[in-house]
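The residues making up each chain are set out below.
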Amino acid sequence: MTDTEHQPVRYTVADGVGTITFDRPEAMNSLDVATKVALKKAVTSAAEDPAVRCVVLTGTGRAFCVGQDLKEHVTILAEGPSEALFRTVPEHYNPIVTALATMPKPVVAAVNGVAAGAGASLAFACDFRILADTAGINLAFSGIALSCDTGSSWTLPRLVGQAKALELLYFPRTIPAEEALSLGLATAVVPADDLAAETGRLTARLASGPTLSYGAIRRSVRHSAGHDLESSLSFEAEMMALTGATDDHRNAVDAFVAKRKPVFEGK
């Protein structure tokens, strides 16, 4: 960003990787309105930029993201009943998580610290969740007498099953990184000092891979979650036709025949 004023969300692009960083460490990267607006802009930019072939979502300081900024929330509550109080779900949370979950490229959550409430939900919308061994996950919603949001009613049961999802949502607690791994909430757990390097290795591999293939696979898996076998097979055929017409596919087949390693350009 060219603006010299501090931004609550930083967005950078390098070597095909778009990195979105929560940068409110003094507030545990909680989501006030300004942060949600900046996050929506960054996620949309990453989704639409053809130069970005992989996206990373991470945080600064002790937290990944602890969800809604309750200090701002309580101020709005004190003003009395207001549509503005919960307008943030359709205006901010829903479009943000939709863009994360549906963009046609891989998304990695590098969870550097606690991910709570909407912060946990954002991580669940990513393809990979690499957790620092000091990180934790907390489905905090019922602890403040709210329902779940930011897609967790959809993503969480698909990661851990409906019974475990209800347990975690009903009785929120901080789930340590190793337990998160055993439950299927984490893809990998690494020493905190190694998080950046491990994330870098994964994203470099993804950014140099067949981006359109990854996007089609992502779309196919999402489609199958809400459709029957017949519809899923039809969608697979559609995605196969799409990827079969790409330069990457043709070049990869040529490389296979020539017994050389393919180079993917995301086209």
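Residues numbered from 1 in each chain as written. Predicted model: local features only at pLDDT ≥ 70, side-chain atom pairs only at ≥ 80, totals over all residues. Heavy atoms only, no water.

1. Quick word on the overall build of the chain
Stated formally: Here a helix means four or more residues in a row that DSSP labels H or I, a strand means two or more in a row labelled E, and each is numbered from the N terminus. We compute the radius of gyration from the C-alpha atoms alone; for a globule the expected value is 2.2 Å times N to the 0.38, where N is the number of residues. Whether two residues are in contact is decided by their heavy atoms, any of which lying within 4.5 Å being enough. Working definition of accessibility: Shrake-Rupley area with a 1.4 Å probe, residue cover restricted to the visible protein chains. Residues scored as positive are Lys and Arg, those scored as negative are Asp and Glu, and His as well as the terminal groups of each chain are ignored. Every charge is mapped onto a representative atom, which is NZ of Lys, CZ of Arg, CG of Asp or CD of Glu.
For the chain, the count of helices and strands is 11 helices and 10 strands. A compact globule built from 267 residues would reach a C-alpha radius of gyration of about 18 Å, and the chain, at 19 Å, matches this within 12%. The C-alpha extent of the chain, read off along each of the three principal axes, is 65 × 50 × 35 Å. For the chain, restricting intrachain contacts to residue pairs at least 6 apart in sequence, the fraction spanning at least 24 positions comes to 68%. Carbon and sulfur atoms make up 59% of the accessible area of the chain, which amounts to about 13,600 Å² in all. Of the side-chain charges in the chain, 24 are positive and 30 negative, and the distance between the mean point of each set is 4 Å.

2. Quick word on the sheet that holds strand E4 (residues 63-65)
Heads up, the condition is: Each pair of strands is called paired provided DSSP finds at least two bridges between the two strands.
Spatially, E4-E6-E8-E9 is the arrangement adopted by the 4 strands of the open sheet, whose pairing is mixed. Edge strands, defined here as strands with exactly one partner in the open sheet, are E4 and strand E9 (175-176). Both strand E6 (residues 114-116) and strand E8 (residues 136-138) contribute to a ladder of 2 bridges, which runs parallel. Residue pairing in the sheet places Ala115 in a bridge with Ile137 of E8.

3. Overview of the environment of Pro50
Within the element layout of this structure, Pro50 appears in the loop between helix H1 (33-48) and strand E3 (54-59). The spacing of Pro50 and Thr246 is 196 residues in sequence and 15 Å in space, taken between C-alpha atoms.

4. Some thoughts on the packing of helix H9 (residues 211-225) against helix H10 (residues 229-244)
Stated precisely, the cut-off is as follows: Here an axis means a line fitted to C-alpha atoms, over the contact stretch when the element is a helix, while the angle between two N-to-C directions is reported on a 0 to 180 degree scale. In what follows, roughly perpendicular refers to angles from 65 to 115 degrees, roughly parallel to angles under 35, roughly antiparallel to angles over 145, and oblique to any angle outside these ranges. Think of it as three bins: nonpolar holds Ala, Val, Leu, Ile, Met, Phe, Trp, Tyr, Cys and Pro, charged holds Asp, Glu, Lys and Arg, and polar takes everything else, Gly as well.
Contact pair H9 / H10: the axes reach a minimum separation of 10 Å and the direction vectors enclose 170°. In terms of orientation, H9 lies roughly antiparallel with respect to H10. Where H9 abuts H10, its residues Leu212, Ser213, Ala216, Arg219, Ser220, His223 and Ser224 lie against Ser231, Ser232, Phe235, Met239, Leu242 and Thr243. Among the residues forming the contact of H9 with H10, the class breakdown is 5 nonpolar, 7 polar and 1 charged.

5. Let's talk about unusual backbone geometry
Going by this rule: Buried residues are those whose accessible area, probed at 1.4 Å on protein chains only, stays under 20% of the maximum for their type, while exposed residues exceed 50% and partly exposed ones sit between those limits.
Non-glycine residue Thr150 carries a positive phi angle of around 60°. Note on placement: Thr150 falls in the loop between E8 and helix H5 (152-160). A relative accessible area of 1% places Thr150 in the buried class. Even without a glycine there, the phi angle at Lys259 is positive, about 60°. Along the chain, Lys259 falls in the segment after helix H11 (247-257).

6. What to know about the side chain of His223
As for its placement among the helices and strands, His223 is situated in helix H9. Residue classification places His223 among the buried residues on the basis of a relative accessible area of 16%.

7. Topic: the pattern of salt bridges
Rules: Salt-bridge detection follows one rule: a side-chain nitrogen of Lys or Arg within 4 Å of a carboxyl oxygen of Asp or Glu.
Under the counting rule described, the total for this entry stands at 9 salt bridges. Where Arg218 meets Asp127, a salt bridge forms, and the shortest distance between an N and an O atom there is 2.8 Å. Of this pair, Arg218 sits in helix H9 while Asp127 sits in the loop between helix H4 (118-124) and strand E7 (128-132), and the two are 91 residues apart along the sequence. According to the relative accessible area criterion, Asp127 is partly exposed, its value standing at 28%. Ionic contacts of the salt-bridge type, sharing partners, join the residues Arg24, Asp32 and Asp69 into one network.

8. Thoughts on the packing of aromatic side chains
As a reminder of what qualifies: In summary, the pairing rule links any two rings of Phe, Tyr or Trp, Trp by its six-membered ring, whose centres are within 6.5 Å, and it sorts them by plane angle into stacked for under 30 degrees, edge-to-face for over 60 and tilted for everything else. Working rule: Lys NZ or Arg CZ, within 6 Å of ring centre, within 35 degrees of ring normal, means a charge sits over the ring.
Here the structure, examined in full by the defined rule, presents 2 aromatic pairs. Judged by centre distance (5.7 Å) and plane angle (85°), the ring pair of Phe22 and Phe64 falls under edge-to-face. In this pair, Phe22 sits in strand E2 (residues 17-22) while Phe64 sits in strand E4, placing the two residues 42 residues apart along the sequence. Summarising the aromatic geometry, the rings of Tyr170 and Phe171 are spaced 6.1 Å apart at their centres and angled 85° between planes, so their arrangement reads as edge-to-face. Neither residue differs from the other here; Tyr170 and Phe171 are each classed as exposed. The ring of Trp154 carries Arg158 above its face, with NZ or CZ at 3.9 Å from the centroid.

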